[in-house]
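# Fold and geometry: a report
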Amino acid sequence: MGLTGLDIFKHLPKTNCKVCGFPTCLAFAMALANGKASLDACPDVSDQAKEALSSAAAPPIRLVKVGAGENVIQMGDETEIFRHDKRFNHPTAVAIAVNDNEDVDAKVDSINGLVFDRVGQHYEVDMIALVNASGDAATFKAAAEKAAAKTNKNFVLITQDVGAMEAALQVLAARKPLLYAADKDNYEKMTELAKANGCPLAVKGENLDSLAELVEKIVALGYKELVLDSGARETSKVIADMTQFRRLAVKKKFRTFGYPAIAFTSKDDPQEEMLQAATYVAKYASLIVLKNAKKELLLPLVSLRANIYTDPQKPVAVEPGLHVLGDVNENSPVYCTTNFSLTYFLVEGEVAATRIPSYIISVDTGGISVLTAYADNKFTAEKIAKSIKDLEMEGKVNHKKIVIPGAVAVLKGKLEDESGWEVIVGPRESSGIQKFAKAQFA
Amino acid sequence: MNRKVVFLPEEVSLEVLPGTPLLRAAALAGIEVKSSCGGKGSCSRCLVKVEEGKAIVKSTGKLSGEEQEQGYVLSCQALVGDQDLRVNIPISSRLEEHRILFNSPDNVDGEEEAYGAYDGYPLCTRFQLSLEPPSIDDNTSDLTRLMMALRREMGKSSPETEIKINTAALRGLAKALRERNWNLSVVMTYFPGNVEVITAAAGQNEKPLYGLAIDIGTTTVAIYLVDLLNGKTVLHHGSFNRQSRYGDDIISRIIYASEDEKGLNELHDSVIGTINEIIGQILQQAGINEEEILQVVTAGNTTMTHLFLGVPPDFIRLEPYIPTFSSTPAVKAKDLGLRVHPEAWVHSFPQVASYLGGDIVSGILYADLAENDEIVLFVDIGTNGEIVLGNKDWMVGCACSAGPSFEGGGITFGMRAMSGAIERVVVDPVSLEVQVKTVNNVKPLGICGSGLIDCLSALKTAGIIDRSGKFQSDLKSARLRSGEEGLEYVLVWADDSGVEKDIFLTEGDLKNLIMAKGAVYAAIRTLLRTLELDESVISKVIIAGGFGNYLHIQDAIRIGLLPDLEYEKFEFIGNSSLKGAKLGLLSRKALNKARKIGNMITYIELSVGTIFMDEYVSALFLPHTDITLFPSVESVENRN
Amino acid sequence: MAVEVSKEKYRSQVREVVLGATKEEGGTRSHTVKVGGETALPFLHFEGEMPNRPVVAMEVWDIVPEEWPASLKSYFEDVYDDAGAWAKKCVEQYGADLIAIRFKSADPDIKDASAEDCIATLKKVLGSVGVPLIVYGCGKSDKDNSIIGPIAEAAEGENLLLGVAEQDNYKSVTSAAMAHKHSIIAQSPIDINIAKQLNILISEMSTPLLDRIIIDPTVAALGYGLEYSYSIMERARFGSLQGDRMLAMPTIANVGHEVWSKKEASISADDEPGWGDQAERSMAWEATTAMALIQGGMDILVMRNPRAVELIKKSIDDLMQDNS
């Protein structure tokens, strides 16, 4: 939502000197607009231009960090309202609540155990939200000690009692936890505490208006490491408020709401709670505090987070390798295509529709389509032959025949030489697969 | 050992070793046979008929049993065996002279005004000198004497740099000076870092001083013979790039050059050979000898420039698509083996990127984009669509692969714009009858790019196809029928055609064409969107290249190939690569400006990001998925 | 201080489509179901109308769904051989707003059932439930093209939602819908441009059908490119609100179909100990996929797991609460 490449270009020297590492001033300007370069790289930029550009380039939502040293979780620094425009930068952090009056050791142990691996990604719970449910400072501190000993995760400290917060901070200050929360009654002391310990501070209002007021008071006290909570807990109200935070900060440059936001679930049933959290992942929460912790429910939640926070400007690729459709046997046809998701989905859909159990080899073309990949030397006879070998296709089928896309019929001869397989040239378009398969394999 | 092969109907014969493909043998005999796939046996364009003897057939490709029985073979897949052969090469398999573009439409002589850039800063010129003879009192060397005279002659325009002289000129200097009483004509060339005496000849020379502007295209090579002293084009010639036998498209040529050790040399020799042959014709026609050509400037796409200079183009097609050079120093003609004066310098226009080459830079120079405040869109449509958008401050450019459809490739009856090609199609919306017009008004042999665009537009308007390019299967017309590859529409019945077959279009043909137009339009949109601009900023659309001249703007807009702007905004400039090369040939200022242009264009890689993919799918519709981008088409259709 | 809330004003809205027809309208449904009609992005009640909540259709097959995991199959064990009973159970016990029948038996490689067989099943379902119906063929276009006409004719006036028109094959189902007064699903392969192109192609056959099209943008399951579908939904909804009438159709997602073929739905906790209990995980996978899609603006969810349906319906209750 910031300046366009051309806006920035107008302020640059137009020398095309290449010192910045970009071939032209315009290329540099476009990289600046996308946050992929720094103005400092330009040797000739005027101070005037610097000033004009730096104020425009300030992120609409502040980057706020929880944690210390290597173990830092970043929140905020978002620039978009819709994920299809540009990547959402910092995935929603997931915290699980631990009450200070329950068996802290056991609960933290179980949270530590929530680790999953899926499609090459490793996931775990990001934070422990330690809740001063007892209302007692000493209990809170003791729980902080137990939890700190059990885990390296970051913390959210949940109490509106300044004394309790102070007690827990005696244990955890060095780990820079998020302090939850400053409210209209305690904000001066909480701000002081946050400032003194260098911890981020959540600000809790009763609605958008009171929240704005409170944020401005805290900013006036000279503190800006803030996280927003409008106080809403009903799903519908939360997404309305979250939408306002994002829109006002990004579109209206309303600085008061230019901070990451925290969301709390209100549902007690773990399944209902997970779906509520899923809503907040889609709708701008930077941090979600959950009550329940169950693998089978967290896995879909973190998978959704991974989906929402992928870069929309990179073509979507499917996993390269062997895809099995139906109940294959040694006579099943073998097709090959690229791993560009749209191409692959189309081919898979058509092959599945033939109802002939089949193999599809998706060759790693870096996620680009058949013809582009051919022109790009990413879809070559050598590469397909290597896939046939690496995937041990000769052990899977007994016919040594492979179908290639009609658009790259030209690969036939070379592929036959390279692989020793017979190459059948398939239709140019996936829409021809059903007819083709009927003639070839039925 | 050798076997005799006779090619018909010319009765040209030659002897070749067994194992030689017929395609190669034909080339050796001087007959260029089509070979779109580069001899891989997949395109079936190189069909020939063995009338006597038996060839060794490696593969029959897509030939029908009947064709095989009649003796047809693919000449790239048929080798000379142990028998002598008589082989008929049908017209449809021959590369024929097609329209090679020299000038704007109907405007051979009107080009001079564009050469206002001929500006007193020549790249190459001649001085007629009359030197004071030396004496005992004035005993400076011949060379110093010459240099002093030259500096005086050049006056203010004299560059500070040292004036060089090549060895050949130096060796002849003493004699030349004395032969005509210290009268000397000297040819000088200038460019940054090099001011050189090319020749120094005795006496005055009143004859024209010649230079060549050369456009090295993937398909064709075109040359102007230019009088450097008055800026006039004396004559022009062109021919097919003989590299075509290694494949129609750039990629096959790069692959050929990089797979085979000899490949690069063959391709280099082949383009030099093509140029020398054209020079031969020029020399003959102009009645001059090659020593009289003293300056050469070429413009070509990046791959062509690499191959012309004998530089391996391997990495052009590999990510991240890096050419060996962008701006190249000039080389001597003798190092390339060009049939001009051996000491003549050869300049090549700079490249922007692997798929945005010197031909485009040359076009931009000619079109004067770099002098404009207004934003201009420059489009060159061929197998690759090359597009540049910008003004004097900034330019962005990209290249998309349109596929060969616009040049007739990948279309069942596609052909280049040569004699017999259908270039206009009219379909009656009621009777669904078709009228065609061909190049040279002869019997139709096939259909060329402009005919295809006409046809697509006409078929859509007549309701024969839907917006996705599919035939309306319930149509009542004998012309719409079911063929081997699904539905097809007959444009010309066999009785009226020059190929004794029905000429038709298949849904696959239409699809290829829609993909081609979609790629070009999507590339234009991608440039605009990358800069967050829209069509309304475009003050002018300049269409370069051979294709443009035969294009109906109205149809091109109706199918969604070009943006929907007022017709007055479109301008055809013909072979701007050649014209830009001529500017460079005449003016060192122009040549420098070309360098600057090459340096300022920001190349946008379409395969990065998702804008192009999105725009591309959106453009695979007639005219477009977003009809609001084509308000004039919408209003026409609403009227209908 | 009073924060000035940001409210978008849009030029246009999503078309409203009525599914089913009551006796008075020429059908036999006990009630109709309206979808679409939104004038704002999903659930932002503070700036626009969402007159119809997202609805859930449950799938009923005319063969035993052997490929479903046991944890899912077990819900329907008692009704497999009776599509009517199956549909009734979905509506009465599990709260389905619509029933989606799949004529799997018509597949030439399964039973090659005739149009008459399918019509008999359809009649049974029409008799057993009062909700509007969605009808899918077997997925093989040649066969589906041959049975869709008779099916549409046999249920003339019911305003079925007929599946599916695709860019390469839209004519027979469009004709069937035109001739016998049904609505149609226009399905495109995860591509917003093709979705729109298909709507244009259909509208050029029949302009009135524009108000009876439901877009199936083909969704990807959670973890399998869901973000792509999500963004297409958001873009399409945003486009419709800004006046793109050719995209302004309500949408349908085959959530169950996508989710239940995935590894996450079937693999046991023994094989993937990190992923937890299969039965609950698979249910949650379907529910989460559905939840993300309604955030993007999905109007009709075709689902399978009754608990996932229950959860989603509850969540929709919450999301429909006023937030202005």
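Our structure is the block above this text.
Residues numbered from 1 in each chain as written. Chains lettered and ligands numbered in written order. Predicted model: local features only at pLDDT ≥ 70, side-chain atom pairs only at ≥ 80, totals over all residues.

## Some remarks on the overall build of chain B
Within chain B, the secondary structure is distributed over 16 helices and 29 strands. If you line up chain B on its principal axes, its C-alpha atoms span 100 × 70 × 45 Å. Residue burial in chain B is summarised as follows: out of 640 residues, 52% are buried. Sequence-distant contacts in chain B: of pairs separated by 6 or more residues, those separated by 24 or more amount to 67%. (Helix = DSSP H or I, 4+ residues; strand = E, 2+ residues; numbered from the N terminus. Buried ≥ 20, exposed ≤ 12 C-beta atoms within 10 Å, placed from the backbone. Contact = placed C-beta atoms within 7 Å.)

## A word on the interface of chain C and chain A
Interfaces are often sized by the accessible area lost when the parts come together. Between chain C and chain A, the residue contacts involve 45 residues of the former and 54 residues of the latter. Listed by contribution, the elements that provide at least two residues to the side of chain C that touches chain A are α7 (226-241), α10 (278-296) and α11 (306-319) of chain C. Of all the elements, α10 of chain C adds the most residues to the side of chain C that touches chain A, at 9 residues.

## Concerning the sheet that holds strand β25 (residues 486-492) of chain B
Sheets are built from strands that pair by backbone hydrogen bonding, the pairs being arranged parallel or antiparallel. Residue and element names in this part refer to chain B. With antiparallel pairing, the 3 strands of this open sheet are ordered in space as β24-β25-β26. Edge positions in the sheet fall to β24 (480-483) and β26 (503-506), since each of these pairs with one other strand and no more. Across the sheet, the axes of successive neighbouring strands diverge by a mean angle of 45 degrees, strand direction being ignored. Helix α11 (residues 507-530) contacts β25 and β26 of the sheet and is inclined by roughly 65 degrees relative to β26. (Pairing = 2+ DSSP bridges. Axes fitted to C-alpha atoms, helices over the stretch in contact; angles between N-to-C directions.)

## Considering the interface of chain A and chain B
Listed per partner, the contact involves 22 residues of chain A and 22 residues of chain B. Those elements that provide at least two residues to the side of chain A that touches chain B are α1 (5-9), α2 (25-33) and α13 (370-375) of chain A. Top contributing element to the side of chain A that touches chain B by residue count: α1 of chain A, with 3 residues. Considered class by class, the residues forming the side of chain A that touches chain B number 11 nonpolar, 8 polar and 3 charged. (Nonpolar A, V, L, I, M, F, W, Y, C, P; charged D, E, K, R; others polar.)

## Overview of helix α12 (residues 341-353) of chain A
It helps to recall that an α-helix has 3.6 residues per turn; residues three or four apart then point in one direction. Between its first and last C-alpha atoms α12 of chain A spans 18 Å; for 13 residues at 1.5 Å apiece the expected length is 18 Å, and the two agree. At the C-terminal side of α12 of chain A, R355 of chain A shows a positive phi close to 60 degrees. (Expected span 1.5 Å × (residues − 1).)

## Description of the nonpolar core
With 201 residues, the main nonpolar core has A129, L130, V203 and V227 of chain A together with A57, I99 and L301 of chain C as its most contacted residues. Ranked by residue count, the leading element in this core is α10 of chain C, at 9 residues. Dropping the residues within four chain positions of it, A57 of chain C is found in contact with A96, D97, L98, I99, A100, I134, I300, L301 and V302 of chain C. Residues V186, L209, M395 and V425 of chain B belong to the second largest nonpolar core, which totals 185 residues. (Core = buried A, V, L, I, M, F, W, Y, C linked by C-beta atoms within 7 Å.)

## Description of the environment of K400 of chain A
Residue and element names in this part refer to chain A. Here K400 shows up in the loop between α15 (393-396) and β16 (401-404). Along the backbone, K400 and W421 are 21 residues apart, and their C-alpha atoms lie at a distance of 5.0 Å. Ignoring sequence-local partners within four residues, the contact set of K400 consists of E394, W421 and E422.

## Examining the pairing of strand β17 (residues 345-348) of chain B
All names here are of chain B. Neither face of β17 is left uncovered, since the one carrying W345 and H347 and the one carrying V346 and S348 both have all their residues buried. As defined by bridge partners, strand β16 (residues 331-332) adjoins β17 across 2 bridges and the pair is classed as antiparallel. If you follow K332 over to β17, its bridge partner there is W345.

## Brief notes about the pairing of strand β12 (residues 287-290) of chain A
All names here are of chain A. Neither face of β12 is left uncovered, since the one carrying L287 and V289 and the one carrying I288 and L290 both have all their residues buried. Taken together, the 4 bridges between strand β3 (residues 93-99) and β12 define a ladder with parallel strand orientation. Directly across from I96, in β12, lies its bridge partner L290. As judged from the 3 bridges shared by strand β11 (residues 262-264) and β12, these two strands associate in the parallel manner. Within β12, the residue paired with I262 across the bridge is L287. Between β11 and its parallel partner β12, the chain crosses via helix α10 (residues 270-282), and the hand of that crossover is right-handed. (Right-handed = clockwise from strand over helix to strand, strands pointing away.)

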